[in-house]
Amino acid sequence: MSDTPPETRGSRETDDDAHEPDAVGRVYLVGSGPGDPDLLTVKARRLLAAADVVLHDKLPGPDVIDLIPEGRGEDVGKRAGGERTAQEYTNERLVELAREGKTVVRLKGGDPFVFGRGGEEAEHLAARGIPFEVVPGVTSAVAGPGVAGIPVTHRDHASSVTFVTGHEDPTKAESAVNWEALAATGGTLVVLMGVGRLPDYVGALRAAGMAPETPVALIERATWPDQRVAVGTLATIVEVRDREGIEPPAITVVGEVAATRERVAEFLENEVNDR
């Protein structure tokens, strides 16, 4: 057993000591789920309570962010006026805090490895010798449609599902998303972070031959107290978005499964309203 008092173990008297393996803290890449704090995993909630520092975005939602102990949270998401924290800053901040011997939670909405840049952060930490652990979260790509009564797969309607980011411009020459292929594939298409570019990819899908009557649903702030759902078709969904004032964060579901909502919504909405 070590003779070093617990309160001084891991302290660093010199710069060299700061890089000793037992002096380095640990980083947890944690998914917070879609926003309802009851959907946090048990492990995620425990880590939030125990962490020295929590670097969080806005997407976890206010109810989840409120669980961070006072004085331990750092907002590395959006700022007022549209300013964003550079990913490079977040990467280096994780390393800096870990090298100070701290237990760090990097809190992300949904799952850290589904359009959450968790993979980039994991590589950055590994390249600098920082131990880390991934704590999966309930991904909003599945949970968002689910709480709106829309299954992303259904035996009668869809045997496959594709997740894509809506941040990309479908008209750019080097787009990594092949909208023509998606239009021909069938199944369900779930677009995350795509409300702003809805007219662009709706147009791309229609130009690629997807039927204008294809059902589409928009789920805004899924599982949050102010969750809203709007439905239409590929031909009408942009008008529906504008009329209903749907804003980010929201998920777009394209495919026959979106039409199943109308058969369950009466009962499902009662449950949501009673929460």
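As recorded by an unreviewed UniProt entry, the protein carries the name uroporphyrinogen-III C-methyltransferase and is attributed to Halomarina halobia. Taken from UniProt, the Sequence similarities (unreviewed entry) comment for the protein reads in full: "Belongs to the precorrin methyltransferase family." Under the UniProt heading Subunit (unreviewed entry), the entry covering the protein gives this text: "Homodimer."

1. Some points on a nonpolar patch on the surface
A surface patch of nonpolar side chains, about 240 Å² in accessible area, is lined by Phe115, Val142 and Phe163. As for its position among the elements, Phe163 is in strand 6 (residues 161-165). Relative accessible area serves as the criterion here: at 32%, Phe163 is assigned to the partly exposed category.

2. As for the nonpolar core
Grouped together as the largest cluster of nonpolar side chains are 23 residues, with contacts concentrated most on Val164, Trp179, Leu182, Leu189, Leu205, Leu234 and Ile237. Of all the elements in the fold, those that place two or more residues in this core are helix 6 (179-185), strand 7 (188-192), helix 7 (198-207), strand 8 (215-220), helix 8 (237-244) and strand 10 (250-254). Looking at this core element by element, the count peaks at five residues for helix 7. Sequence-distant contacts of Leu182, defined by excluding residues within four places in its chain, comprise Thr162, Val164, Val177, Leu189, Leu205 and Met210.

3. Observations concerning the pattern of salt bridges
Counted under the stated rule, the structure contains 16 salt bridges. Here Glu220 makes a salt bridge to Arg221, at a shortest N to O gap of 3.7 Å. Given the relative accessible area of 6%, Glu220 is considered buried.

4. A short note on the pairing of strand 8
The element strand 8 is largely enclosed, with a buried count of six among its six residues. Residues Pro215, Ala217 and Ile219 of strand 8 are buried on one face, and the alternating residues Val216, Leu218 and Glu220, pointing to the opposite face, are buried as well. Pairing of strand 8 with strand 9 (residues 228-233) involves six bridges; the strand directions are antiparallel. For Glu220, the partnering residue across the bridge sits in strand 9 and is Arg228. The sheet contact formed by strand 8 and strand 10 spans five bridges and is antiparallel. Bridge pairing in strand 10 places Ile219 opposite Ile251.

5. Digging into the packing of helix 3 (residues 87-99) against helix 4 (residues 118-127)
Direction vectors running N to C along helix 3 and helix 4 enclose 45°, while the axes themselves pass 10 Å from each other. Relative to helix 4, the element helix 3 lies oblique. Once helix 3 is placed against helix 4, the crossing between them reads as right-handed. Here Gln87, Thr90, Asn91, Glu92, Leu94 and Val95 of helix 3 come into contact with helix 4, specifically with Glu120, Glu121, His124 and Leu125. Residues belonging to the contact of helix 3 with helix 4 are distributed by class as follows: three nonpolar, four polar and three charged.

6. Topic: the side chain of Asp111
Turning to its location among the elements, Asp111 is positioned in the loop between strand 4 (103-108) and helix 4. The charged side chain of Asp111 is buried without a salt bridge, its nearest counter-charge being Lys108 at 9.7 Å. In terms of polar contacts, Asp111 uses its side chain to reach the backbone amide nitrogen of Gly137, at 3.0 Å. In this structure Asp111 touches Gly31, Pro136, Gly137, Val138 and Thr139, once residues within four positions along its chain are discounted.

7. Some details on the packing of helix 7 against helix 8
Helix packing for two helices is described by the angle between their axes and how far apart those axes are. Running from N to C, helix 7 and helix 8 cross one another at 165°; their axes reach a closest spacing of 10 Å. Accordingly, the angle class assigned to the pair helix 7 and helix 8 is roughly antiparallel. As for how helix 7 packs across helix 8, the hand of that crossing is right-handed. Residues Leu198, Pro199 and Val202 of helix 7 form the contact with helix 8, whose participating residues are Ile237, Val238 and Arg241.

8. Regarding the sheet that holds strand 2 (residues 53-56)
The strands making up a sheet associate through backbone hydrogen bonding, with each pair oriented either parallel or antiparallel. With parallel pairing, five strands are arranged side by side in an open sheet as 3-2-4-1-5. Taken across any chain shown, the strands that pair with only one partner, and hence form the sheet edges, are strand 3 (73-75) and strand 5 (132-135). The average undirected angle you get between the axes of adjacent strands in this sheet is 20°. Note that strand 2 and strand 3 share three bridges and pair parallel. Counted as the bridge partner of Leu55 is Glu74 from strand 3. Along the sheet, helix 4 makes contact with strand 1 (26-31), strand 4 and strand 5, crossing strand 1 at roughly 170°.

9. Observations regarding the confidence of the model for the protein
Across the protein, the average pLDDT comes to 88, with 84% of residues at or above 70. The model gives residues 1-21 a pLDDT under 50, and that stretch makes 15 contacts with residues more than four places away or in other chains.

Calculation rules
Residues numbered from 1 in each chain as written. Predicted model: local features only at pLDDT ≥ 70, side-chain atom pairs only at ≥ 80, totals over all residues. Heavy atoms only, no water. UniProt positions renumbered as here; feature names shortened; annotations may be inferred. Patch = residues over 30% accessible without salt bridge, like charges linked within 9 Å, V, L, I, M, F, W, Y side chains within 5 Å. Areas by Shrake-Rupley, 256 points an atom, 1.4 Å probe, with all protein chains shown as cover. Salt bridge = Lys/Arg side-chain N within 4 Å of Asp/Glu carboxyl O. Helix = DSSP H or I, 4+ residues; strand = E, 2+ residues; numbered from the N terminus. Buried < 20%, exposed > 50% of the residue type's maximum accessible area, 1.4 Å probe, protein only. Core = buried A, V, L, I, M, F, W, Y, C linked by side-chain atoms within 4.5 Å. Contact = heavy atoms within 4.5 Å. Pairing = 2+ DSSP bridges. Axes fitted to C-alpha atoms, helices over the stretch in contact; angles between N-to-C directions. Parallel < 35°, antiparallel > 145°, perpendicular 65-115°, else oblique. Left-handed = near helix turned anticlockwise from the far one by under 90°. Nonpolar A, V, L, I, M, F, W, Y, C, P; charged D, E, K, R; others polar. Lys, Arg positive; Asp, Glu negative; His and termini not counted. Polar contact = N/O pair within 3.5 Å; in protein donor to acceptor, adjacent residues only side chain to side chain. pLDDT = per-residue confidence, 0-100.

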